[in-house]
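Structural features, examined
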Amino acid sequence: MAQIDAGEVLPNERIRQMAVEGTITQMHRGHEYASERDTFEIDGQHFEVTDVTHRTLGDLTDEDAQREGSEDLAAYKKRLERVHDHFEWDPDSDVVRHRFELIEE
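Residues numbered from 1 in each chain as written. Predicted model: local features only at pLDDT ≥ 70, side-chain atom pairs only at ≥ 80, totals over all residues. Heavy atoms only, no water.

A look at the nonpolar core
What counts here: Joining through side-chain atoms within 4.5 Å is the link that ties buried Ala, Val, Leu, Ile, Met, Phe, Trp, Tyr and Cys residues into a set, and such a set is a nonpolar core. Categorising residues by exposure relies on relative accessible area from a 1.4 Å probe, with only protein chains included: less than 20% of the type maximum marks a residue as buried, more than 50% marks it as exposed, and the intermediate range marks it as partly exposed. In this analysis, two residues are considered to be in contact whenever any of their non-hydrogen atoms come within 4.5 Å of each other.
If you look at the biggest cluster of nonpolar residues, it comprises 17 residues, and the most contacted ones within it are Leu-10, Ala-19, Ile-24, Phe-40, Ile-42 and Phe-100. Beyond its immediate sequence surroundings of up to four residues, Ile-24 is in contact with Leu-10, Ile-15, Met-18, Ala-19, Arg-67, Glu-68, Gly-69 and Phe-100. Counting residues in each nonpolar core, the second largest holds eight residues, with Leu-57, Leu-60, Leu-73 and Tyr-76 among its members.

Here's what the structure looks like:
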C-alpha cells in the first residue's frame, strides 16, 4: 500500500472532480498506475484503490462506461475518440481497470 498522486489514476482535473462528486468510481488506463490498497487524496477527500484488473477494451460493458461517467459504452467510445488523438477502438487492446472508493473517516 502506498500513497500515490491522484493524477496517476485520474489524468485530469475534470476527472478528479467527478471522483469527488461520486460520478466515477473507476478508470481504465493503458498501463497499471496503481496497486490495490494504494490511496490518493483529492481536495481533502481520501480514496483507496480497491481493484486493479488487466482486461481488453472488448471486455468493457455499459456498467464500466457508467462507472467512468458515460451514459453507456457507445458514449464511452465516442468520448475516447474525442480526447485521444488517432484513437481507434480495438477490442483486443490491453487496458487496466483501476477501481476506487471514498474512504469514510
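Points about the sheet that holds strand β3 (residues 45-56)
Applied cut-off: Should DSSP find at least two bridges between two strands, the strands are regarded as paired. Labels follow the DSSP assignment, with helices taken as runs of H or I lasting at least four residues and strands as runs of E lasting at least two, numbered in each case from the N terminus. Throughout, an axis means a line fitted to C-alpha atoms (over the contacting stretch in the case of helices), and angles, computed between N-to-C directions, take values from 0 to 180 degrees.
Taken in spatial order, the four strands line up as β1-β4-β3-β2 in an open sheet, and their pairing is antiparallel. Looking at strand neighbours, the two that pair on one side only are β1 (26-29) and β2 (39-42), the edges of this open sheet. Shown here is a sheet whose adjacent strand axes are inclined to one another by a mean of 35 degrees, direction ignored. The sheet contact formed by β1 and strand β4 (residues 94-102) spans four bridges and is antiparallel. The residue of β4 that forms the bridge with His-28 is Arg-97.

Remarks on unusual backbone geometry
Glycine aside, negative phi is the norm for most residues, and most peptide bonds take the trans geometry. Despite not being glycine, Arg-37 shows a phi value in the positive range, around 80 degrees. Considering the arrangement of structural elements, one finds Arg-37 in the loop between β1 and β2. The residue His-86 is not glycine, and still its phi comes out positive at about 60 degrees. Mapping His-86 onto the fold places it in the loop between α4 (73-83) and β4.

A few points about the pairing of β2
As judged from the four bridges shared by β2 and β3, these two strands associate in the antiparallel manner. Looking across to β3, one finds that Glu-41 is bridged to His-46. Following β2, the chain reverses through two residues before pairing antiparallel with β3; Asp-43 in that reversal takes a positive phi of roughly 50 degrees.

Some words on the pattern of salt bridges
Just so we agree on the cut-off: Definition used for salt bridges: Asp or Glu carboxyl oxygen within 4 Å of a side-chain nitrogen of Lys or Arg.
In the structure shown here, the tally under the stated rule is six salt bridges. Of the charged contacts in the structure, one is a salt bridge between Glu-63 and Arg-67, with a shortest N-O distance of 4.0 Å. Here the residue Glu-63 and the residue Arg-67 both occupy positions in helix α3 (residues 62-67), the gap between them amounting to four residues, near one helical turn. Relative accessible area serves as the criterion here: at 48%, Glu-63 is assigned to the partly exposed category. Using a relative accessible area of 25% as the deciding quantity, one classes Arg-67 as partly exposed. The partner of Arg-99 in a salt bridge is Asp-64, and the shortest N-O contact between them spans 4.0 Å. In this pair, Arg-99 sits in strand β4 while Asp-64 sits in helix α3, placing the two residues 35 residues apart along the sequence. The class of Asp-64 is buried, set by a relative accessible area of 3%.

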